[in-house]
Amino acid sequence: MVFLILITAFLQGFQLEEGLYWVIFSDRGADLEQRLEIASTEIMEGPTAGRRLISGSIQADVYDLSPYSRYVYQVEDITSYPIRTSSRYLNAVSVRLTPDQIELLLEKPFVQEVRPVAVSTFSPGEEIPAPDAYGLSRSQLEQVNILALQQRGWIGSGIVIGMLDSGFELVHPCLQSVDVLDAWDFVNNDSIVGWQTEDSLNQPSHGTKTLSIIAGYQPGSFVGGAFNSSFILAKTEDVSDEYEQEEDFWVAGLEWIEAGGADLVSSSLGYTDWYEPSQMDGNTAVTTIAADIAASRGLVVWNSAGNDGPGETSLVAPADGDSVFAVGAVDGSGLIAGFSSRGPTADGRIKPDGCARGLNSVFATYGGTGYSTGGGTSFAAPLVASAASCIASAHPEWGMMRVFEALRVSSDRYSNPDNTYGYGIIDALKAVKHRSVIGEVRRSDTGDPLSLCTVLITMESGSSVQTTTNDKGFFAVEPGSFGSFSATSTGWGSPIPYVGNLDEDGLEIVIYVDPLSSSEPSSVYPNPSAWDFYGGFDVVASASDVSLSIFTLANERIFYEERVSVVPGCYRAPIAGQAFYWNGLNEDEEQVASGQYIGMLRIGNSVELLNLALIRGMEED
């Protein structure tokens, strides 16, 4: 990660005029060690401690210190306007200045640079009513495999997402249950992030839409990507035409979100004014510098790449950051949107980092109760941020830069990236599996999931890791090495150990657990089936010979398997050595026709008859 705070002067050849400027200080001022010691204590006792411990940044550094107060006072003495924002990351303040005041400040030894505050690229896009909201959010979630994570119970639980946007109204039916931990309006300097009388009519529209893509939840109509996450909402964008939409509120909002303990940031804003393509190098734009510093504290920004494509190096800041996940836009078939901004960065890095649906995206209609569609990388970014939140909820041991890596390396063009798609369309399920063992724990007799079971993964080297299943019985953990491993669980019944081999791609497994005692009737599953069947049984009293015969209705035997001296236990799991397995073939290895078949299960001297329904061509879950 590169942090170059020595910034190229912008004022060479720039016509000075009254406006908003960054005043960047040359040092951090007096009493530095004492101030760092105080900041370290505040970090260890504050809401960011857990995230910063994982990222290795628990001790304070200069980026945790606000600009030196005596320097700030001297700036206030020179300008006739109040300080607008203050940035600890940039060691700077933003303030309105005249040309004469700029010249005075540049004479001060504590001032390194004065540069204009950049203008946002934000502009409202066209909104088209969605004629049928049901199922539309499913499509955009399925394309990036977020739906697969939700089905496994990874829905962003325990993850705090910070959002930087134009404002947020929570009156839409799908936003009624959003868990908002904190909110601040940096435009009006108050805690109201919804519409206010001084705002433009559609001020909160853009932010409401992007929030709904992540947090929306109206079962049967619309489901957001990480709807069980918690949120810190920062209103940093003024959409009116009365004055510029500037980057200083974005930086202030980012620092506030980081201090509030968020785990990641979703931002659908970007900045290009005053910046040339040659300056999209990851080290020049102040939003990019701020975002990379936040990443060093474990807070990663997932930012829209911009809507200035298809030209080369058409990115917006902070998407050019090496620690910022830049998100491009594709349509429903996976083709890049023409407007999606392209890489490379000015220093030759490939961008974007990944893509998601940004054309005909579905979101909550602002000011209504329905859903609409629209286009922009603004709508792709919250989808990828949703994936990051769901992955983090599956892997609480991962920091956000690890999530960043897993998402990029599992995208569909990672092996052959370019500067149009970047590394390609993300795959949230592949990202969860990256270098990891994921899976579920189930009862062998019923197939029911087992929650709150401890799963132990032991590698052939002897190292081991453990985790706990969620309320759907799923788990995910990265062992830290590759090769053969065994997996078992505790917390219910008697587990059947799983033995496998882990590589870079990871794998998904099922650990079955036998009940300690069972006398349930023998079972066949799936039933009906299009292809094959498992016949489950129990041996209760003593070791017994067990066999399964399958007959046609004409009494022709087409399958037979026998096991000798089977010890007492439950034999129902659909794995080798457990339930009997019939593959739908007769004894001549020919596929039998659809129809009704009779199974005869003999356990010692006891016989049970089982009905099997084979329906070729039937769709199975």
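Here's a quick rundown of the structure. Note that the structure is predicted; figures quoted are calculated from it, not measured.

## Here's the deal with the overall build of the protein
Thinking step 1. When helices and strands are tallied, the protein shows 12 helices and 32 strands.
Thinking step 2. On the principal axes, the C-alpha backbone points of the protein span a range of 105 × 55 × 45 Å.
Thinking step 3. The buried share of the protein, reckoned over its 621 residues, is 57%.
Thinking step 4. Intrachain contacts of the protein at a sequence separation of at least 6 include 72% that bridge at least 24 residues.
Thinking step 5. When the 33 basic and 81 acidic side-chain charges of the protein are each reduced to a single mean position, those positions are 4 Å apart.

## Quick word on the pattern of salt bridges
When their charged atoms lie close together, side chains carrying opposite charge are able to pair.
Thinking step 1. Considering all chains together, one arrives at 26 salt bridges under this definition.
Thinking step 2. Here arginine 88 ties to glutamate 258 by a salt bridge, and the two come within 2.5 Å at their closest N and O atoms. Placement of the pair is arginine 88 in the loop between β2 (85-87) and β3 (92-97) and glutamate 258 in helix α8 (residues 247-259), with a sequence separation of 170 residues.
Thinking step 3. Overall, glutamate 258 belongs to the buried group, its relative accessible area being 1%.
Thinking step 4. Each of the salt bridges in this network shares a partner with another, and the network as a whole consists of Arg51, Arg52, Asp61, Asp64, Arg88, Glu255, Glu258 and Arg297.

## Regarding the pairing of strand β10 (residues 230-235)
Thinking step 1. β10 sits mainly inside the fold: 6 of its 6 residues count as buried.
Thinking step 2. Going residue by residue along β10, you find Ser230, Ile232 and Ala234 tucked away on one face and Phe231, Leu233 and Lys235 tucked away on the opposite face as well.
Thinking step 3. Direction of pairing for strand β6 (residues 160-165) relative to β10: parallel, over a ladder of 6 bridges. Residue pairing in the sheet places valine 160 in a bridge with serine 230 of β10.
Thinking step 4. Direction of pairing for strand β7 (residues 179-185) relative to β10: parallel, over a ladder of 6 bridges. Its bridge partner lying in β10, aspartate 179 is registered against serine 230.

## A look at the nonpolar core
Thinking step 1. If you look at the biggest cluster of nonpolar residues, it comprises 68 residues, and the most contacted ones within it are Phe231, Trp302, Val403 and Leu407.
Thinking step 2. With 12 residues, helix α10 (residues 377-394) is the single largest residue contributor to this core.
Thinking step 3. The next biggest cluster of nonpolar side chains, apart from the first, holds 38 residues, and it includes Tyr89, Ala92, Phe249 and Ala290.

## Describing the state of the cysteines
Thinking step 1. By the definition in use, this model includes 0 disulfides.
Thinking step 2. Left without a disulfide partner, cysteine 390 is nearest to the cysteine sulfur of cysteine 174, which lies 16 Å away.
Thinking step 3. What makes cysteine 390 buried here is its relative accessible area of 0%.

## Some thoughts on the packing of helix α7 (residues 205-215) against α10
Thinking step 1. One can describe the packing of α7 onto α10 by two numbers: an axis separation of 8 Å at closest approach and a directional angle of 35°. Crossing geometry of α7 relative to α10 is assigned as right-handed. For the pair α7 and α10, the contacting residues are His206, Lys209, Thr210, Ile213 and Ile214 in the first and Ser378, Phe379, Pro382, Leu383, Ala385 and Ser386 in the second.
Thinking step 2. Its residues assigned to classes, the contact of α7 with α10 comprises 6 nonpolar, 4 polar and 1 charged.

## Focus: the pairing of strand β11 (residues 264-267)
Thinking step 1. Neither face of β11 is open: one carries Leu264 and Ser266, the other Val265 and Ser267, and all of them are buried.
Thinking step 2. Direction of pairing for β11 relative to strand β12 (residues 300-304): parallel, over a ladder of 4 bridges. Across the sheet, valine 265 pairs through a bridge with valine 301, a residue of β12.

## Description of unusual backbone geometry
Thinking step 1. Geometrically, the link from alanine 317 to proline 318 is a cis peptide bond, its omega value of 10° lying close to zero.
Thinking step 2. Take proline 318: it is sitting in the loop between β12 and β13 (325-330).
Thinking step 3. Of the consecutive residues tyrosine 525 and proline 526, the connecting peptide bond is found in the cis state with omega at -15°.
Thinking step 4. You can see proline 526 is positioned in the loop between β25 (523-525) and β26 (533-539).
Thinking step 5. Despite not being glycine, arginine 435 has its phi angle at roughly 60°, a positive value.
Thinking step 6. Its location among the elements puts arginine 435 in the loop between α12 (428-433) and β17 (437-443).
Thinking step 7. On the accessibility criterion, arginine 435 (22% relative accessible area) is partly exposed.

## Overview of the environment of tryptophan 274
Thinking step 1. Relative to the helices and strands, tryptophan 274 is located in the loop between β11 and α9 (286-296).
Thinking step 2. Among the residues examined, tryptophan 274 registers a relative accessible area of 28% and is labelled partly exposed.
Thinking step 3. Sequence spacing of tryptophan 274 and valine 117 is 157 residues, and the spatial spacing of their C-alpha atoms is 8.2 Å.

The rules behind these values
- Residues numbered from 1 in each chain as written.
- Predicted model: local features only at pLDDT ≥ 70, side-chain atom pairs only at ≥ 80, totals over all residues.
- Heavy atoms only, no water.
- Helix = DSSP H or I, 4+ residues; strand = E, 2+ residues; numbered from the N terminus.
- Buried < 20%, exposed > 50% of the residue type's maximum accessible area, 1.4 Å probe, protein only.
- Contact = heavy atoms within 4.5 Å.
- Lys, Arg positive; Asp, Glu negative; His and termini not counted.
- Charge placed at Lys NZ, Arg CZ, Asp CG, Glu CD.
- Salt bridge = Lys/Arg side-chain N within 4 Å of Asp/Glu carboxyl O.
- Pairing = 2+ DSSP bridges.
- Core = buried A, V, L, I, M, F, W, Y, C linked by side-chain atoms within 4.5 Å.
- Disulfide = S-S within 2.5 Å.
- Axes fitted to C-alpha atoms, helices over the stretch in contact; angles between N-to-C directions.
- Left-handed = near helix turned anticlockwise from the far one by under 90°.
- Nonpolar A, V, L, I, M, F, W, Y, C, P; charged D, E, K, R; others polar.

Keep in mind these values describe shape, not function.
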